[in-house]
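Report on the structure
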Amino acid sequence: MVAVAILAAGKGTRMRSDLPKVLHLLGGRSLVERVLIGCSDLQPERQLVIVGYQANRVKEALLDYPDLEFVEQTQQLGTGHAVQQLLPYLADFQGDLLVLNGDVPLLRPETLKALLETHQQHQNAATILTAQIQNPQGYGRVFCDSSNLLKEIIEDRDCTATQRQNRRVNAGIYCFNWQKLQAVLPQLQSNNSQQEYYITDAVNFLSPVMVYDVADDREILGINDRRQLATAYQILQSRIKDYWMAAGVSIIDPDSVTIDDTVKIGVDAIIEPQTHLRGNTTIGSGSRIGPGSLIENSQVGNNVTLMYSVVVDSSIGDNANIGPFAHIRQQAQVGAACRVGNFVELKKSSLGDRTNVAHLSYLGDATIGTQVNIGAGTIAVNYDGKHKHQTTIGNFARIGSNNTLVAPLNIGAHATTAAGSTIVNDVPDDCLAIARSHQTIKPGWRPKWHQE
Ligand code: UD1
Ligand code: MG
């Protein structure tokens, strides 16, 4: 049996923030959520989160995970003190306890599995995840013998100058035989520079304790300040982009592109520079996205071309051609093979297949049929200052340039409106509507100042 405990009670003083450290976002998810997702593959019997600083806020942020048990650490007296709070909760538990720092968000599930396997195979009292890193500053240093049996862990601030030279560090991830840990937890002392109870001291009372070096030390980055948060984001990004490139997606200039790990991309898609794909977004195969685009919570079909545009909470059909400088938002739906061009904004509007809105238009709350042409500079006037109103336009309609369509309004199928019209009344099918003043010609007229 395996139980998981996540240490998430600390304030995170070094973040200099009102938000508890473990709730800071990394690529759209909080640090603690990333830790939880990292261990979900293990299917632990129990999952406990130790909360303290702004406990309710942390609990609220994890409402989507109903199986969690929250353990309150009312005073944050150190990582060892945090683990001591588990004693009443796990009094009858038998098995292994995985202890994870809530601020180490990049651990891969495979690493946790390997740690647990090593632990169980050697029947260790504890197994500690470690890494040998170039810049060990800030981490607890791990001292062990040639057969990877641990001697002690000394916190960075408690190390002598010589001890600080040791580049093997404690990742803050531990597997304990709970029965054995349970027996020694009450013995922890706080005689160190921080006057805290350290979980790392528990290993002094246990044997055998083995260390397990992680293969990729980027996984164990602990987030204590905003600089490390930014570094973690870069690591996460390169992981996500490497994954998609290996899966057949071209990313031109990956350093200028960001992709959330919730995004899905089809093969042979091309992601151009300065493009950002966020949230629940899918990009179909063969689509060319960017340069300079942001797509968030949106579904983009196959073979779409989209450049210098923003698409949020919307969908785009196959073979559509979007931009440059289109803004598509709030449940807008663009059909297949549509053209949405320069400086066009669509809000809560749908375009049927093969419909074009090519230039300088705003369409809000409009339902537009298939193969419609919307002339340049057309505005759907959807707002009377108090309420929003709907416009519908039938299939094959042709809206002239510079039209003002005052909603609520129905324009029929195959209807045509003349350029420069302000349409306030419904237009039936197969009609031409002209709604503009007649042109007046005054022969021989010049402005006074031009008269000689
Ligand atoms: C800890 C380890 C250090 C290791 C490093 C890896 C100890 C004493 N040191 O140091 O050896 O190299 O992690 O990242 O464990 N927390 C609580 N209650 C508390 C104190 C902390 O829940 O009373 C939580 C924090 O919210 C955080 C985690 O424990 O998620 C680690 O605390 P932090 O203060 O960041 O420890 P480090 O100094 O990083
Ligand atoms: Mg830390």
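Per chain, residues are indexed from 1 in the order of the written sequence. Labels follow written order: the first chain is A, the first ligand is 1, and so on. Reporting of local features is limited, given that this is a predicted model, to residues whose pLDDT is at least 70; pairs of side-chain atoms are given and counted only at 80 or more, and all residues count toward the totals for whole chains, interfaces and linings. Remark: hydrogens and water are excluded; side-chain values derive from all non-hydrogen atoms of the structure.

1. Quick look at the domain arrangement of the protein
Rules: Boundaries of every domain are those given by an automatic assignment or by a domain database.
The assigned domain composition of the protein is domain 1 (2-220) and domain 2 (309-433). Between domain 1 and domain 2, the C-alpha centre-to-centre distance is 56 Å.

2. Brief notes about the layout of surface pockets
Spelled out, the test is: A 1.4 Å probe that fits into a set of points on a 1 Å grid over the protein atoms alone but cannot get out defines a cavity; an open set with protein on both sides within 12 Å along at least five of seven lines defines a pocket, and lining residues are those with an atom within 4 Å of a point. Grid points are joined across faces, edges and corners, and a volume is the space filled by probe spheres set on the points. The helix and strand labels rest on DSSP assignments: H or I over at least four residues marks a helix, E over at least two residues marks a strand, and numbering proceeds from the N terminus. Residues are grouped as follows: Ala, Val, Leu, Ile, Met, Phe, Trp, Tyr, Cys and Pro are nonpolar; Asp, Glu, Lys and Arg are charged; all remaining types, including Gly, are polar.
Here the largest pocket is characterised by a volume of approximately 1,100 Å³. Surrounding the largest pocket, 41 residues form its lining, Arg14, Lys21, Thr79, Asp103 and Asn224 being those nearest its centre. Within the residue set of the lining of the largest pocket, elements represented by two or more residues are strand 1 (2-8), helix 3 (79-84) and strand 10 (168-177). For the lining of the largest pocket, the element with the highest residue contribution is strand 10, accounting for four residues. Grouping the amino acids of the lining of the largest pocket by side-chain chemistry returns 13 nonpolar, 19 polar and nine charged. Considered as a void within the structure, the second largest pocket measures approximately 530 Å³ in volume. Lining the second largest pocket are 20 residues, and of these Arg34, Leu236, Arg239, Ile240 and Asp261 lie nearest its centre. Sorting the residues of the lining of the second largest pocket by element identifies helix 1 (31-40), helix 4 (109-121) and helix 7 (226-246) as the ones contributing at least two each. Ranked by residues supplied to the lining of the second largest pocket, first place goes to helix 7 with five residues. Tallied by class, the residues present in the lining of the second largest pocket amount to 10 nonpolar, two polar and eight charged.

3. What about the coordination of the magnesium ion (ligand 2)?
In plain terms, the rule: A donor here means an N, O or S atom no more than 2.8 Å from the metal, or no more than 3.2 Å when the metal is Na, K or Ca. Since water is not included, a site may seem to lack partners. In this scheme, a residue with accessible area under 20% of its type's maximum is buried, one over 50% is exposed, and one in between is partly exposed, where area comes from a 1.4 Å probe on protein chains only.
Looking at the metal site, the magnesium ion (ligand 2) is ligated by Asp103 (OD) and Asn224 (OD1), spaced 2.2 to 2.3 Å from it. Taken as a pair, Asp103 in the loop between strand 6 (96-101) and helix 4 and Asn224 in the loop between strand 11 (209-213) and helix 7 lie far apart in primary sequence, 121 residues in all. Each member of the pair, Asp103 as well as Asn224, carries the same accessibility label: buried.

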